[in-house]
Amino acid sequence: MTTANTTTPTATVTRAKKVVTDAAVDTAAAAKQAAGTTVTATQDAVTKNYEQAVALTKEQVEKASKKAFEAYEELTAFNKETVDALVLSSTVLAKGLENLSKTFVAYAQSSLESSVSATKALLAVKTLREAVDLQSEFAKTSFDTLISEATKTSELSVKLANEAIEPISARVNAVVTKFGKPRLAA
């Protein structure tokens, strides 16, 4: 038994789509109107406060520029000592790196000479046992020398780093003392 008010599923879906579409169009129109109102209100607020903002910005820029020029003049006067510290640090670093290079070259030469001697000795062995013993002794000696050289290089590197950073550290302390505290109070 069918009633006259029965609707088909397709008709229901079509009506639902129309209702959703109408609601989306209404929502979009309301959002557009709200956005337009917001934009207009924002433009009005910006226009009203523009001159105050420009005046305030100009005043702040003038104050900041004045302070910046004063600081620049102080830094320029202070800069010579900083450059001298950098030059001293670079000189110490260059000499230290030269010494490290000499140490590396001496180790490489010594290692090469040991390798040549070990190779000559290996060529002169008569038994496998002699070769194994000779190779073991060479490996032990090479390892001990490597550890010794690595320790020596590490100590030299730490000493070099400390000596090279000393003038720069002194300048950083001087900068903090001279410029840090007065600027924080201002």
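Residues numbered from 1 in each chain as written. Predicted model: local features only at pLDDT ≥ 70, side-chain atom pairs only at ≥ 80, totals over all residues. Heavy atoms only, no water.

Peer 1: How should I be thinking about the overall build of the protein chain in this particular structure?
Peer 2: Along the protein chain, the regular secondary structure elements total two helices and zero strands. Once the C-alpha set of the protein chain is aligned to its principal axes, its extents read approximately 115 × 80 × 20 Å. Counting all 186 residues of the protein chain, 8% fall into the buried class. Sequence-distant contacts, at least 24 apart, represent 80% of the contacts inside the protein chain between residues at least 6 apart. Counting every atom, the protein chain has about 14900 Å² of accessible surface; 65% of that belongs to carbon and sulfur. On the protein chain, the mean spot of the 22 positive side-chain charges and the mean spot of the 21 negative ones are 6 Å from each other. (Helix = DSSP H or I, 4+ residues; strand = E, 2+ residues; numbered from the N terminus. Buried < 20%, exposed > 50% of the residue type's maximum accessible area, 1.4 Å probe, protein only. Contact = heavy atoms within 4.5 Å. Areas by Shrake-Rupley, 256 points an atom, 1.4 Å probe, with all protein chains shown as cover. Lys, Arg positive; Asp, Glu negative; His and termini not counted. Charge placed at Lys NZ, Arg CZ, Asp CG, Glu CD.)

Peer 1: How should the side chain of Thr 103 be read in this particular structure?
Peer 2: As for its placement among the helices and strands, Thr 103 is situated in helix α1 (residues 9-124). Take Thr 103: its relative accessible area is 12%, and that puts it in the buried class. A distance of 2.9 Å separates a polar atom in the side chain of Thr 103 from the backbone oxygen of Asn 99. When neighbours within four sequence positions are excluded, Thr 103 is seen to be in contact with Glu 149, Lys 152, Thr 153 and Leu 156. (Polar contact = N/O pair within 3.5 Å; in protein donor to acceptor, adjacent residues only side chain to side chain.)

Peer 1: Looking at this structure, I do not really get the pattern of salt bridges. What am I missing?
Peer 2: Two side chains with opposite charge may pair up if their charged atoms get near one another. Tallying each qualifying case throughout the model produces six salt bridges. The partner of Lys 80 in a salt bridge is Asp 84, and the shortest N-O contact between them spans 3.1 Å. In this pair, Lys 80 and Asp 84 are both assigned in helix α1, four residues apart and thus about one turn of the helix distant. Note that Asp 133 is salt-bridged to Arg 129, the shortest N-O span being 3.5 Å. (Salt bridge = Lys/Arg side-chain N within 4 Å of Asp/Glu carboxyl O.)

Peer 1: Looking at this model, I keep getting lost on the layout of surface pockets. Mind explaining?
Peer 2: Regions of empty space are outlined by a rolling probe, equal in size to a water molecule, passed over the atoms. Volume-wise, the largest pocket comes out at about 150 Å³. Looking at the largest pocket, the residues that line it are Val 92, Lys 95, Gly 96, Asn 99, Leu 100, Leu 156, Lys 159, Leu 160 and Glu 163. Of all elements in the fold, only α1 and α2 (128-185) reach the threshold of two or more residues within the lining of the largest pocket. Among the elements that take part in the lining of the largest pocket, α1 stands out by supplying five residues, more than any other. (1 Å grid on protein atoms, 1.4 Å probe; cavity = no way out; pocket = protein on both sides within 12 Å on 5 of 7 lines; lining within 4 Å. Points joined across faces, edges and corners; volume = space filled by probe spheres on them.)

Peer 1: Please explain a nonpolar patch on the surface as it appears in this structure.
Peer 2: On the surface, Phe 143, Leu 146 and Ile 147 cluster together into a nonpolar patch covering about 290 Å² of accessible area. Looking at the element boundaries, Ile 147 is found in helix α2. (Patch = residues over 30% accessible without salt bridge, like charges linked within 9 Å, V, L, I, M, F, W, Y side chains within 5 Å.)

Peer 1: So what exactly am I meant to see when it comes to the environment of Val 39 here?
Peer 2: With respect to the secondary-structure elements, Val 39 resides in helix α1. The exposure class assigned to Val 39 is partly exposed, which follows from its relative accessible area of 45%. The sequence separation of Val 39 and Asp 26 amounts to 13 residues, and the corresponding C-alpha distance is 20 Å.

Peer 1: Help me understand the side chain of Glu 149 in this model?
Peer 2: Inspection of the secondary structure assignment puts Glu 149 in helix α2. In this structure Glu 149 touches Thr 103 and Tyr 107, once residues within four positions along its chain are discounted.

Peer 1: How should the environment of Phe 69 be read in this particular structure?
Peer 2: Take Phe 69: it is sitting in helix α1. Residues Phe 69 and Ser 101 lie 32 residues apart in sequence; the distance between their C-alpha atoms is 45 Å.

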